[in-house]
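Architecture and fold: a report
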Amino acid sequence: MTNVLVIVGAQWGDEGKGAIVDFLAEKADLVCRYAGGNNAGHTVVVKGKVFKFHLLPSGIIHSSKINLLGNGMVIDPHVLCEEISTLEKQGFSIDENNLAISSRAHVITQNHIDEDLNKGGKVGTTGRGIGPCYTSKIARTGTRMGDFVAAEGKFADKLKPMVTDTTHLVNESITAGKKVLVEGAQATLLDIDHGTYPYVTSSNPSAGGACTGLGIGPTRIDSVIGIGKAYITRVGNGAFPTEQGTPEEMEKEEKSDSCTEEDISRANSNEDYFVGKVLRRQGREYGTTTGRPRRCGWFDVVAMKYAIEINGMSAVVITKLDVLSGLKKIKVCTAYEIDGQPVKWFPPDNNTLSHATPVYESLAGWDEDISSITSFDKLPLAAQEYVKRIEQLMGVPVAILSVGPGREQKIVLDSKELL
Ligand code: GDP
Ligand code: IMO
Ligand code: MG
């Protein structure tokens, strides 16, 4: 039985973690964030209404859940207060009964933000002060939420009732048999230790971070599920072997949610840039936090298998399958070639990865709009074959398939590892 389930990003972020957490939150008693801050942008769509969360866990719109911001997070009090007020204006009540903020989480200050804006260009950070705040934490010069709310101030006064010892709360809940859903932010390939350093974030978004970032022992986690898109995207700089088109071409492109017949036809004639453009536009691949266009590419099994190992994933969720509709051929990267040598394992450094040429397997695509399909066997055969093939290549089961942003657009294939 799964009581404690950790959801992690398996790629470079924006895999649809928020939407899956919202879908699974129904059965959870607690929904907990453990890493990162408002560099995250998690989108949840319920009955056509769009919610964008940066700090609040995606369980917050389910009344009666406790939502928890763990000690591993870095919190900008101003942004958190704004996020709370936005929801309050929409009729949600947020207080100490449904939100607990760790007194040990670190506070992002204006100095952190200024420093990030000045120095984050090379990495392409979100400019939210994340790296500098974690730097202060490690240098032992930071301010924690407990100290922040001890002093008076507009934001401190608002947040004070919710700031508490969340470590005890989460452990006590697990001991009492409560269902705990743990929401990762960022993703494995952005992990400060395991990602494409230095083009990474400054925390451990991978599953190990859930232990340190919440104060729970590894033995308390029952299951880890990784979320991956049916293709892959990246925002910011760094190596990206299966990228279609270049960042320079992308920068010149107009932001839009639709592509022309010519875009699709040129994508189907194997013009890389147009494959990227079709994925970006059909997938609405523009950042939730910064609005930046996302670099897009084919599904990368090498990266996925690495993420499966690093996180000890027992299952994966594949999102945005609907976005591939209209592409005649869908490619999957099964290995890399680096300096003329075949490589099946994700290289440990960004420089080596930047020399990787993907080895592709081509699969048949489908034309149908699949966004209202609710069972696997109703999907076009080519879509079924695509999912079965990546499942076989990854070696772990696909627990959920997502065919649209909405709560109702999730197809459960294997519920064993779910709450
Ligand atoms: P997160 O950071 O991992 O939570 O992902 P984001 O919310 O940043 O980005 C995912 C985007 O894709 C959001 O705009 C979601 O509404 C949307 N989305 C999630 N799942 C699906 C899906 O299966 N199909 C489509 N078309 N969009 C999806
Ligand atoms: P969610 O949770 C995608 C990327 C930034 C940059 C690098 C470092 O929505 O998936 P930072 O501001 O963290 O110091 O930036 O990490 N990045 C993300 N990319 N999704 C995210 O979060 C990200 N959070 C950080 O673009 O390349
Ligand atoms: Mg996001």
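Let us look at the structure shown here.

Thresholds applied
Residues numbered from 1 in each chain as written. Chains lettered and ligands numbered in written order. Predicted model: local features only at pLDDT ≥ 70, side-chain atom pairs only at ≥ 80, totals over all residues. Heavy atoms only, no water. Donors = N, O, S within 2.8 Å, 3.2 Å for Na, K, Ca; no water. Helix = DSSP H or I, 4+ residues; strand = E, 2+ residues; numbered from the N terminus. Buried < 20%, exposed > 50% of the residue type's maximum accessible area, 1.4 Å probe, protein only. Near = heavy atom within 4 Å. Polar contact = N/O pair within 3.5 Å; in protein donor to acceptor, adjacent residues only side chain to side chain. Areas by Shrake-Rupley, 256 points an atom, 1.4 Å probe, with all protein chains shown as cover. Nonpolar A, V, L, I, M, F, W, Y, C, P; charged D, E, K, R; others polar. Pairing = 2+ DSSP bridges. Axes fitted to C-alpha atoms, helices over the stretch in contact; angles between N-to-C directions. Parallel < 35°, antiparallel > 145°, perpendicular 65-115°, else oblique. Left-handed = near helix turned anticlockwise from the far one by under 90°. Contact = heavy atoms within 4.5 Å. Salt bridge = Lys/Arg side-chain N within 4 Å of Asp/Glu carboxyl O. Patch = residues over 30% accessible without salt bridge, like charges linked within 9 Å, V, L, I, M, F, W, Y side chains within 5 Å. Lys, Arg positive; Asp, Glu negative; His and termini not counted. Charge placed at Lys NZ, Arg CZ, Asp CG, Glu CD.

**A short note on the coordination of the magnesium ion (ligand 3)**
Ideal values differ by geometry: the angle at a metal is 109.5 degrees with four tetrahedral donors, but 90 or 180 degrees with six octahedral donors. Only Asp14 (OD) and Gly41 (O) from the protein coordinate the magnesium ion (ligand 3), and they sit 2.0 to 2.2 Å from it. Taken as a pair, Asp14 in the loop between strand E1 (4-9) and helix H1 (17-25) and Gly41 in the loop between strand E2 (30-33) and strand E3 (42-46) lie far apart in primary sequence, 27 residues in all. The class for Asp14 is partly exposed, based on a relative accessible area of 21%.

**Brief notes about the site of ligand 1**
Close to ligand 1 lie 17 residues; Lys17, Gly41, Thr43, Asp322 and Ser402 are nearest. Within the contact set of ligand 1, an oxygen atom lies 2.8 Å away from a backbone nitrogen or oxygen of Gly41. A distance of 2.5 Å separates an oxygen atom of ligand 1 from a polar side-chain atom of Ser402. For ligand 1, whose unbound accessible area comes to 580 Å², protein coverage reaches 91%. Elements that contribute at least two residues to the shell around ligand 1 include exactly H1 and E3. Considered class by class, the residues forming the shell around ligand 1 number 3 nonpolar, 8 polar and 6 charged.

**Considerations on the pairing of strand E5 (residues 66-69)**
When E2 meets E5, the two strands line up parallel, connected through 4 bridges. Bridge pairing links Val31 to Asn67 in E5. Across 3 bridges, E5 lies against strand E7 (residues 99-102) in parallel orientation. Its bridge partner lying in E7, Leu68 is registered against Ala100.

**Some remarks on the site of ligand 2**
Within the structure, ligand 2 sits among 20 residues, and Lys17, His42, Thr126, Gln186 and Thr201 are positioned closest to it. The contact in question runs from an oxygen atom of ligand 2 to an N or O atom on the side chain of Lys17, over 2.7 Å. One nitrogen or oxygen atom from the main chain of Gly124 is found 3.5 Å from an oxygen atom belonging to ligand 2. Out of a free accessible area of 550 Å², ligand 2 has 98% covered by protein chains.

**So, the packing of helix H3 (residues 110-119) against helix H4 (residues 130-138)**
Close contact between H3 and H4 brings their axes to 7 Å; oriented N to C, the two are set at 125 degrees. Overall, the two elements H3 and H4 adopt an arrangement that is oblique. Regarding H3 and H4, the two cross each other, and that crossing is right-handed. Two secondary-structure elements touch here, H3 through His112, Glu115 and Asp116 and H4 through Ile130, Pro132, Cys133 and Ser136. Among the residues forming the contact of H3 with H4, the class breakdown is 3 nonpolar, 2 polar and 2 charged.

**Let's talk about the pairing of strand E11 (residues 223-229)**
Among the 7 residues in E11, 7 count as buried, and that is most of the element. Burial along E11 is two-sided: Ser223, Ile225, Ile227 and Lys229 and Val224, Gly226 and Gly228, pointing in opposite directions, are all buried. The pairing of E1 with E11 spans 5 bridges and is parallel. Bridging across to E11, Val6 finds its partner in Val224.

**Notes on the pattern of salt bridges**
As enumerated under the stated definition, the model contains 19 salt bridges in all. Arg294 is the salt-bridge partner of Asp14, the closest N and O atoms lying 3.0 Å from each other. A residue pair is termed long-range when its members are at least 10 positions apart, and Asp14 in the loop between E1 and H1 and Arg294 in the loop between helix H11 (272-282) and strand E13 (295-297) qualify at 280 residues. For the salt bridge of Asp367 with Lys328, the shortest nitrogen-to-oxygen distance reads 3.7 Å. Placement of Asp367 in the loop between strand E18 (357-364) and helix H14 (381-394) and of Lys328 in the loop between strand E15 (315-319) and strand E16 (329-338) is noted, with a sequence separation of 39 residues between them. Several salt bridges share partner residues, and in doing so they unite Asp14, Lys229, Glu285, Arg294 and Lys320 into one network.

**Regarding a negative patch on the surface**
On the surface, Glu248, Glu249, Glu251 and Asp272 cluster together to form a negatively charged patch. Residue position: Glu248 is located in helix H9 (residues 247-251). With relative accessibility at 53%, the residue Glu248 sits in the exposed group.

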